[in-house]
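# Report on the structure
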Amino acid sequence: YRIVKNNAALEGFVEAILVILGYLAYRDDMNIAFVSLYGLGNLQLFLVGAANLLKGSVESLQSKDWARFSVAIIGPVLHYLGSWLSWELFKDHERSGGLLAP
């Protein structure tokens, strides 16, 4: 119960970690370890946001609260784009002789 109750605080903490990971990846010339961790964090927040969107979208649409609904959609979409970009960077890294090359 406590984890569900403090879900917003936990998401904010993970967001702060993702900002730090993004900065470290940028500072260290796009180190693939930081980029991969950034992508995994975004994927986790995408899944949580999508679940919250499904739960809250019915209430927002019934009350015709379009502002809340649009803000609820933007979060998961941006997290999906962040995880997709990280995945594309990882694939590019592996194609050019990355860590997992035989």
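Each remark here, short or long, concerns the structure printed above.
Residues numbered from 1 in each chain as written. Predicted model: local features only at pLDDT ≥ 70, side-chain atom pairs only at ≥ 80, totals over all residues. Heavy atoms only, no water.

### Quick notes on a nonpolar patch on the surface
- Residues Tyr 26, Met 30, Ile 73, Ile 74, Val 77, Leu 78, Tyr 80, Leu 81, Trp 84, Leu 85 and Leu 89 make up a contiguous nonpolar surface patch of roughly 1,100 Å² in combined accessible area.
- Of the residues forming the nonpolar patch, the biggest block, nine residues, is contributed by helix α4 (residues 66-95).
- As for its placement among the helices and strands, Trp 84 is situated in helix α4.
- Overall, the relative accessible area of 43% leaves Trp 84 in the partly exposed class. (Patch = residues over 30% accessible without salt bridge, like charges linked within 9 Å, V, L, I, M, F, W, Y side chains within 5 Å. Areas by Shrake-Rupley, 256 points an atom, 1.4 Å probe, with all protein chains shown as cover. Salt bridge = Lys/Arg side-chain N within 4 Å of Asp/Glu carboxyl O. Helix = DSSP H or I, 4+ residues; strand = E, 2+ residues; numbered from the N terminus. Buried < 20%, exposed > 50% of the residue type's maximum accessible area, 1.4 Å probe, protein only.)

### A few points about the packing of aromatic side chains
- Taken as a whole and assessed by the stated rule, the structure comprises two aromatic pairs.
- Geometrically, the ring pair formed by Phe 46 and Tyr 80 is tilted, given 5.6 Å between the ring centres and 50° between the ring planes. With Phe 46 in helix α3 (residues 32-62) and Tyr 80 in helix α4, the pair connects residues that are 34 residues apart, well separated along the chain.
- Given the relative accessible area of 23%, Phe 46 is considered partly exposed. (Phe/Tyr/Trp six-rings, centres within 6.5 Å; stacked < 30°, edge-to-face > 60°.)

### A word on the nonpolar core
- Judged by nonpolar contacts, Val 14, Leu 18, Leu 21, Leu 24, Ala 25, Ile 32, Phe 34, Val 35 and Leu 45 together constitute the single largest core of nine residues.
- Looking at this core, the elements that each hand over two or more residues are α2 (7-27) and α3.
- Sort the elements by how many residues they give to this core and α2 lands first, with five residues.
- Beyond its immediate sequence surroundings of up to four residues, Leu 45 is in contact with Glu 11, Val 14, Glu 15, Leu 18 and His 79. (Core = buried A, V, L, I, M, F, W, Y, C linked by side-chain atoms within 4.5 Å. Contact = heavy atoms within 4.5 Å.)

### So, the side chain of Ser 86
- Position of Ser 86 relative to the elements: it lies in helix α4.
- Of the residues examined, Ser 86 reaches a relative accessible area of 6% and is grouped as buried.
- Of note is the side chain of Ser 86, whose polar atom sits 3.5 Å from the backbone nitrogen of Gly 39.
- Once residues lying within four places of it in the same chain are set aside, the contact partners of Ser 86 are Val 35, Tyr 38 and Gly 39. (Polar contact = N/O pair within 3.5 Å; in protein donor to acceptor, adjacent residues only side chain to side chain.)

### Regarding the side chain of Ser 83
- Checked against the element boundaries, Ser 83 lands in helix α4.
- Residue Ser 83 is classed as buried on the basis of its relative accessible area, which comes to 11%.
- There is a polar contact of 2.9 Å between the side chain of Ser 83 and the backbone oxygen of Tyr 80.
- Setting aside residues no more than four positions away along its own chain, Ser 83 makes contact with Gly 39, Asn 42 and Leu 43.

### Focus: α4
- Between its first and last C-alpha, α4 extends 43 Å over 30 residues, near the 44 Å set by a 1.5 Å rise per residue.
- Buried within α4 are the following residues: Phe 69, Pro 76, His 79, Gly 82, Ser 83, Ser 86 and Glu 94.
- Trailing α4 by a residue or two, Gly 97 shows a phi angle of about 80°, which is positive. (Expected span 1.5 Å × (residues − 1).)

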